[in-house]
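Remarks on the overall topology
So the chains spell out like this:
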Amino acid sequence: MKINGMPPTTMPSLAPVAILSALPQEQRGLINLLQNPRKVCHASRDFWLGGLHGHPVVLALSRIGKVAAATTATALIERFGVGCIIFTGVAGGLGEGVKVGDVVVATDFIQHDMDASPLFPRYQVPLYGKTRFPCDPALSVLLFAASQDALSHESLAVHGFQQASVHQGLIASGDRFVCGAGEARQLRQAMASAGHDVLAVEMEGAAVAQVCSDYRLPFAVMRTISDRADDSAHVDFPAFVQAVASPYAQVIIKNFLELLLKK
Ligand code: ADE
């Protein structure tokens, strides 16, 4: 299967799979499942090494914002030699029909707060000549299948999102929690008028995408939609993370690692 017209690329080798979570609530369940868990402190962060569903893994928290996420991704690559990065987290839905409880699997990322104009075109990352950074197509296909399977699970339907869908497309990142209907509309329209149809907004993915592009490391991202980036986003967000995002991430990662084992 092709994503964004690109052929599938590499599958990770025997190097550990990095599972990067945005929030501690999401990571906690994964740590509890680790076989032979070992904690390593590095770069003022805790990294959890062990086995998960048949794979050597390293679990890490991205923390919040682009710089923190870039530091974590760099440490995963340089210090732990991971073979790929899988990122789970939550996002605000921007695209039409992207509802709370849906999942978005990223095809690529853009930084909505990148603006070095008039020196460089709006949204372009200076000196990269690039505005959008792609995810690994082959890993994204597996993550999409893993997410679809998870959403059809009885156990996740109890969270009240029986009609949840899995989307695939562009995600925008920026160092800003978007929580206003006007702001969300403006953001979406500004990006659409530059040719970028954004499905969801969050605060880390584009930074991880840029680091992985620098290191030529395959990575893929799934985000559960916790809010619509509107006036109630700050209320919806914490409740959702606790109750829903964590069980979603656990089932999706389990499905994903099982599919990866069959490759
Ligand atoms: N992550 C989850 N919801 C978000 C929002 N509304 N803005 C930015 N990041 C988010």
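Residues numbered from 1 in each chain as written. Predicted model: local features only at pLDDT ≥ 70, side-chain atom pairs only at ≥ 80, totals over all residues. Heavy atoms only, no water.

Considerations on the overall build of the protein chain
- Within the protein chain, the regular secondary structure consists of 7 helices and 10 strands.
- Put simply, the protein chain has 263 residues, and 56% of those count as buried.
- Taken as a whole, the protein chain presents about 11,200 Å² of accessible surface, with 54% of it coming from carbon and sulfur.
- A gap of 6 Å separates the mean positions of the 21 positive and 22 negative side-chain charges of the protein chain. (Helix = DSSP H or I, 4+ residues; strand = E, 2+ residues; numbered from the N terminus. Buried < 20%, exposed > 50% of the residue type's maximum accessible area, 1.4 Å probe, protein only. Areas by Shrake-Rupley, 256 points an atom, 1.4 Å probe, with all protein chains shown as cover. Lys, Arg positive; Asp, Glu negative; His and termini not counted. Charge placed at Lys NZ, Arg CZ, Asp CG, Glu CD.)

Structural notes on the side chain of Q27
- Structurally, Q27 is set in helix α1 (residues 24-33).
- Sequence-distant contacts of Q27, defined by excluding residues within four places in its chain, comprise S21, W48, L59, A60 and L61. (Contact = heavy atoms within 4.5 Å.)

With respect to the packing of aromatic side chains
- Enumeration according to the criterion identifies 3 aromatic pairs in this entry.
- Here the aromatic rings of Y128 and F133 are separated by 5.6 Å at their centres, their planes lie at 70 degrees, and the arrangement is edge-to-face.
- Residue classification places F133 among the buried residues on the basis of a relative accessible area of 3%.
- The residue whose ring lies beneath R79 is F80, and the NZ or CZ to ring-centre distance is 5.0 Å.
- Stacked on the ring of F87, the Lys or Arg R223 has its end atom at 4.6 Å from the ring centre. (Phe/Tyr/Trp six-rings, centres within 6.5 Å; stacked < 30°, edge-to-face > 60°. Lys NZ or Arg CZ within 6 Å of the ring centre and 35° of its normal.)

Overview of the site of the ligand
- Close to the ligand lie 13 residues; G92, F177, V178, E202 and D227 are nearest.
- The separation between a nitrogen atom of the ligand and a polar main-chain atom of G92 is 3.3 Å.
- Here a nitrogen atom of the ligand and a backbone polar atom of V178 are 2.8 Å apart.
- A total of 260 Å² of accessible area belongs to the ligand in isolation, and the protein chains cover 97% of it.
- Only β5 (84-93), β9 (198-202) and β10 (219-227) provide two or more residues apiece to the shell around the ligand.
- The element best represented in the shell around the ligand is β5, accounting for 3 residues.
- In terms of residue class, the shell around the ligand is built from 8 nonpolar, 2 polar and 3 charged. (Near = heavy atom within 4 Å. Polar contact = N/O pair within 3.5 Å; in protein donor to acceptor, adjacent residues only side chain to side chain. Nonpolar A, V, L, I, M, F, W, Y, C, P; charged D, E, K, R; others polar.)

Details of the packing of helix α2 (residues 66-78) against helix α6 (residues 205-215)
- For the pair α2 and α6, the least separation of the axes is 8 Å and the interaxial angle reads 35 degrees. Seen along the crossing, α2 lies across α6 with a hand that is right-handed. Contacts between α2 and α6 pair K66, A69, A70, A73, T74, I77 and E78 from the former with A207, V208, V211 and Y215 from the latter.
- For the contact of α2 with α6, the per-class residue count stands at 8 nonpolar, 1 polar and 2 charged. (Axes fitted to C-alpha atoms, helices over the stretch in contact; angles between N-to-C directions. Left-handed = near helix turned anticlockwise from the far one by under 90°.)

Topic: the packing of helix α3 (residues 137-151) against helix α7 (residues 233-262)
- Axis separation between α3 and α7 bottoms out at 8 Å; the angle between their running directions is 130 degrees. The angle between α3 and α7 falls in the class oblique. Considering the relative orientation of α3 and α7, their crossing is right-handed. Here L139, L142, L143, A145, A146, S147, D149, A150 and L151 of α3 come into contact with α7, specifically with Y248, V251, I252, N255, F256, L259 and L260.
- Grouping the amino acids of the contact of α3 with α7 by side-chain chemistry returns 13 nonpolar, 2 polar and 1 charged. (Parallel < 35°, antiparallel > 145°, perpendicular 65-115°, else oblique.)

Comments concerning the pattern of salt bridges
- What the rule picks out here adds up to 11 salt bridges.
- Between R176 and E183 there is a salt bridge, and its shortest N-O distance comes to 2.5 Å.
- A relative accessible area of 46% places R176 in the partly exposed class.
- Notably, a salt bridge pairs E258 with K254, separated by 3.1 Å at the nearest N-O pair. (Salt bridge = Lys/Arg side-chain N within 4 Å of Asp/Glu carboxyl O.)

Some points on the pairing of strand β1 (residues 17-21)
- Most of β1 sits out of view: 5 of its 5 residues are buried.
- Here β1 shows no split at all, with V17, I19 and S21 on one side and A18 and L20 on the other all buried.
- In terms of strand pairing, β1 meets strand β4 (residues 55-61) through 5 bridges, oriented parallel. Its bridge partner lying in β4, A18 is registered against V58.
- The pairing of β1 with β5 spans 5 bridges and is classified as parallel. Bridge assignment links S21 to a residue of β5, and that residue is T88. (Pairing = 2+ DSSP bridges.)

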